[in-house]
Amino acid sequence: MVLKTFGWSFAITALGLAFAAWQWGWEAFGVVLILSILEISLSFDNAVVNAGILKKMNAFWQKIFLTIGILIAVFGMRLVFPVAIVAISAQVGPIEAIQLALDEPERYEALVTDAHPAIAAFGGMFLLMIFLDFIFEDRDHKWLAWLERPLAKLGKVDMLSVCIALIALLATAMTFATNAHTSTGHADKSSTVLLSGVAGLITYLIVGGLSSYFENKLEEEEEREHEEEEKAKAAGKPVSAVGLAGKAAFFLFLYLEVLDASFSFDGVIGAFAITNHIFWMALGLGIGAMYVRSLTVYLVRQGTLDDYVYLEHGAHYAIGALAVILLITIEHEISELITGTIGVVLIAASFWSSVRRNKRMELEAATGPAAKA
């Protein structure tokens with residue numbers, strides 16, 4: 001079952017890592033591997049959400065999502081989107097950006113380095129909003145309870161995450177960007193940082209708004225179909241579950257694609273904190289996206305969701321760390337391996353905490369009756 005579901009993911013991982021090592025050396029191998037792990041971890045909750053929605057679809061629409069959807073997810077968001085970010089930030093065409101990366105890597109690196117403050121401000125704000133919205137929400141499960149409980153109480157204040165993000169952006173623009181200007185003699189980047197950061201914030205709000213829109217449309221469609229089903233049952237007419245699923249499938253598909261795109265943003269933008277090499281980025285994120293799809297299929301076929309309740313927390317803390325790192329890199333250079341390792345360590349710690357929690361609960365369930373007796 002595992003081999004059948006994850007077979008393609010395993011094969012693409014082996015080929016991708018081997019190609020990275022052969023083409024660019026062991027540094028590329030390590031960066032691609034870190035990006036793959038990061039993408040899988042950050043998108044774990046995406047796979048869980050996808051599985052919960054995908055199981056409502058009929059077999060035809062499940063196949064559409066897992067074929068056409070994977071093309072959009074891997075080649076659209078993980079390959080085209082990083083190139084588009086570099087092209088816009090460096091003010092060159094997308095084809096020219098790819099040609100520069102292939103034929104003139106030194107000039108390409110210079111363009112990306114010059115555009116880095118804009119990319120870092122945009123990505124840092126987008127990721128920071130994801131992190132802040134997560135930690136300010138009151139949740140049933142709390143990983144770092146001593147920190148998450150008071151933050152959940154603060155989260156009752158409207159628009160608090162937006163206010164904090166804007167304060168962080170202003171502080172970054174007034175310190176890092178201005179300091180970089182005075183210490184290097186280069187042009188002041190504070191206005192670029194401010195504009196790019198605001199653009200990242202607006203992008204987050206638009207993506208969230210689209211996801212909410214399609215989610216509401218989906219709920220309306222499901223409610224309408226439920227009413228039709230009840231009427232058909234009352235009239236003694238046969239009800240076709242496949243037909244009902246087909247009517248809602250279009251909204252399900254659109255909702256899943258928008259949701260997939262929104263979850264892809266954090267992985268793609270977070271990747272810029274690890275490397276500016278678009279081919280390493282596309283390879284690592286593409287491998288990770290394959291595992292997300294395989295995990296979605298696995299969860300649907302098994303009919304159960306893995307109960308690693310703290311893994312989502314670890315992924316969001318990793319997002320928060322990447323956001324801070326991106327903002328810091330406006331002025332200071334940070335090693336890619338250090339950046340990637342921080343995220344992996346946080347996610348691994350949350351996974352281990354989840355495993356310990358599950359074992360503890362199993363032990364309490366097993367010893368509970370004996371203790372009461």
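Cut-offs applied
- Residues numbered from 1 in each chain as written.
- Predicted model: local features only at pLDDT ≥ 70, side-chain atom pairs only at ≥ 80, totals over all residues.
- Heavy atoms only, no water.
- Helix = DSSP H or I, 4+ residues; strand = E, 2+ residues; numbered from the N terminus.
- Buried < 20%, exposed > 50% of the residue type's maximum accessible area, 1.4 Å probe, protein only.
- Contact = heavy atoms within 4.5 Å.
- Polar contact = N/O pair within 3.5 Å; in protein donor to acceptor, adjacent residues only side chain to side chain.
- Core = buried A, V, L, I, M, F, W, Y, C linked by side-chain atoms within 4.5 Å.
- Patch = residues over 30% accessible without salt bridge, like charges linked within 9 Å, V, L, I, M, F, W, Y side chains within 5 Å.
- Areas by Shrake-Rupley, 256 points an atom, 1.4 Å probe, with all protein chains shown as cover.
- Salt bridge = Lys/Arg side-chain N within 4 Å of Asp/Glu carboxyl O.
- Lys, Arg positive; Asp, Glu negative; His and termini not counted.
- Charge placed at Lys NZ, Arg CZ, Asp CG, Glu CD.
- 1 Å grid on protein atoms, 1.4 Å probe; cavity = no way out; pocket = protein on both sides within 12 Å on 5 of 7 lines; lining within 4 Å.
- Points joined across faces, edges and corners; volume = space filled by probe spheres on them.
- Nonpolar A, V, L, I, M, F, W, Y, C, P; charged D, E, K, R; others polar.
- Arc of directions from axis to C-beta.
- pLDDT = per-residue confidence, 0-100.
- Phe/Tyr/Trp six-rings, centres within 6.5 Å; stacked < 30°, edge-to-face > 60°.

- Looking at an unreviewed UniProt entry, the chain carries the name DUF475 domain-containing protein, with the source organism given as Streptomyces venezuelae.

## Some details on the overall build of the chain
Step number 1: Looking only at helices and strands, the chain has 13 helices and zero strands in total.
Step number 2: When the helices and strands of the chain are listed from N to C terminus, the series reads α-α-α-α-α-α-α-α-α-α-α-α-α.
Step number 3: Taken over 373 residues, the chain has a buried fraction of 47%.
Step number 4: Contacts spanning at least 24 positions in sequence make up 82% of the contacts within the chain whose residues lie at least 6 apart.

## Here's the deal with the side chain of Ser161
Step number 1: Relative to the helices and strands, Ser161 resides in helix H8 (residues 160–184).
Step number 2: Take Ser161: its relative accessible area is 8%, and that puts it in the buried class.
Step number 3: A polar contact is formed between the side chain of Ser161 and the side chain of Asp133, at a distance of 2.7 Å.
Step number 4: Those residues in contact with Ser161, other than ones at most four positions away along the chain, are Met129, Leu132, Asp133 and Phe136.

## Considerations on the nonpolar core
Step number 1: Core analysis: the largest hydrophobic core is formed by 54 residues, its most contacted members being Leu127, Phe131, Leu132 and Ile135.
Step number 2: Looking at this core, the elements with two or more residues in it are helix H1 (2–24), helix H2 (26–42), helix H6 (105–135), H8, helix H9 (190–234), helix H10 (241–271), helix H11 (278–302) and helix H12 (311–328).
Step number 3: Examining the composition of this core, we find that twelve residues originate from one element, H6, more than from any other.

## Quick look at a negative patch on the surface
Step number 1: Side chains of Glu219, Glu220, Glu223 and Glu227 sit close together on the surface and give a patch of like negative charge.
Step number 2: For Glu220, the position within the fold is in helix H9.

## Notes on empty space enclosed by the protein
Step number 1: According to the stated counting rule, one finds one cavity of 30 Å³ or more in the structure shown.
Step number 2: Within this model, the largest cavity holds a volume of roughly 50 Å³.
Step number 3: Phe134, Ile135, Glu137, Arg139, Lys142, Glu148, Ala152 and His313 together form the lining of the largest cavity.
Step number 4: Secondary-structure elements contributing two or more residues to the lining of the largest cavity are H6 and helix H7 (145–154).
Step number 5: Of the residues assigned to the lining of the largest cavity, the class counts are three nonpolar, one polar and four charged.

## Quick look at H7
Step number 1: When H7 is considered as a whole, its buried residues turn out to be Ala145, Glu148, Leu151 and Ala152. The buried residues of H7 occupy an angular sector of 140 degrees when projected down its axis, which confines them to one face. Exposed residues pointing more than 90 degrees away from the buried face of H7 are listed as Trp146, Arg149 and Lys153.

## Details of the confidence of the model for the chain
Step number 1: Across the chain, the average pLDDT comes to 74, with 72% of residues at 70 or higher.
Step number 2: For the chain, the element scoring lowest by mean pLDDT is H10, at 61; H1 scores highest, at 83.
Step number 3: Note on residues 181–186: pLDDT is under 50 here. Beyond four places in sequence and across chains, it has four contacts.
Step number 4: Under a pLDDT of 50 for its full length, residues 241–245 has, in the predicted model, eight contacts with residues more than four places off or in other chains.

## Let's talk about the environment of Trp280
Step number 1: Within the secondary structure layout, Trp280 lies in helix H11.
Step number 2: Sequence separation between Trp280 and Ala20 is 260 residues, and the spatial gap between their C-alpha atoms is 7.5 Å.
Step number 3: Every residue in contact with Trp280, bar those within four places of it in the chain, is listed here: Trp24, Glu27, Ala28, Val31, Val32, Leu35 and Thr275.

## Considerations on a nonpolar patch on the surface
Step number 1: A contiguous nonpolar surface patch, about 400 Å² in accessible area, is contributed by Leu166, Val198, Ile202, Ile206 and Leu210.
Step number 2: Ranked by residues supplied to the nonpolar patch, first place goes to H9 with four residues.
Step number 3: On the secondary structure map, Val198 appears in helix H9.

## Some remarks on helix H5 (residues 94–103)
Step number 1: Buried within H5 are the following residues: Ala97, Leu100 and Ala101. Within H5, the buried residues cover an arc of 100 degrees as seen down the axis, which keeps them to one side. Seen from the buried face of H5, the exposed residues on the opposite side, beyond 90 degrees, are Ile95, Leu102 and Asp103.

## A look at the packing of aromatic side chains
Step number 1: Enumeration according to the criterion identifies seven aromatic pairs in this entry.
Step number 2: Aromatic side chains Phe126 and Tyr204 sit 5.7 Å apart centroid to centroid with 80 degrees between the ring planes, which places their arrangement in the edge-to-face category. In this pair, Phe126 sits in helix H6 while Tyr204 sits in helix H9, placing the two residues 78 residues apart along the sequence.
Step number 3: By relative accessible area, which is 1% here, Phe126 ends up buried.
Step number 4: Members of the aromatic cluster, joined through ring pairs, are Phe19, Trp22, Trp24 and Trp280.

## Comments concerning the environment of Arg139
Step number 1: Position of Arg139 relative to the elements: it lies in the loop between H6 and H7.
Step number 2: The exposure class assigned to Arg139 is partly exposed, which follows from its relative accessible area of 23%.
Step number 3: In this structure, the C-alpha to C-alpha distance between Arg139 and Arg149, residues ten residues apart in sequence, is 8.9 Å.
Step number 4: Leave out the neighbours within four places in its chain, and Arg139 touches Phe134, Glu312 and His313.

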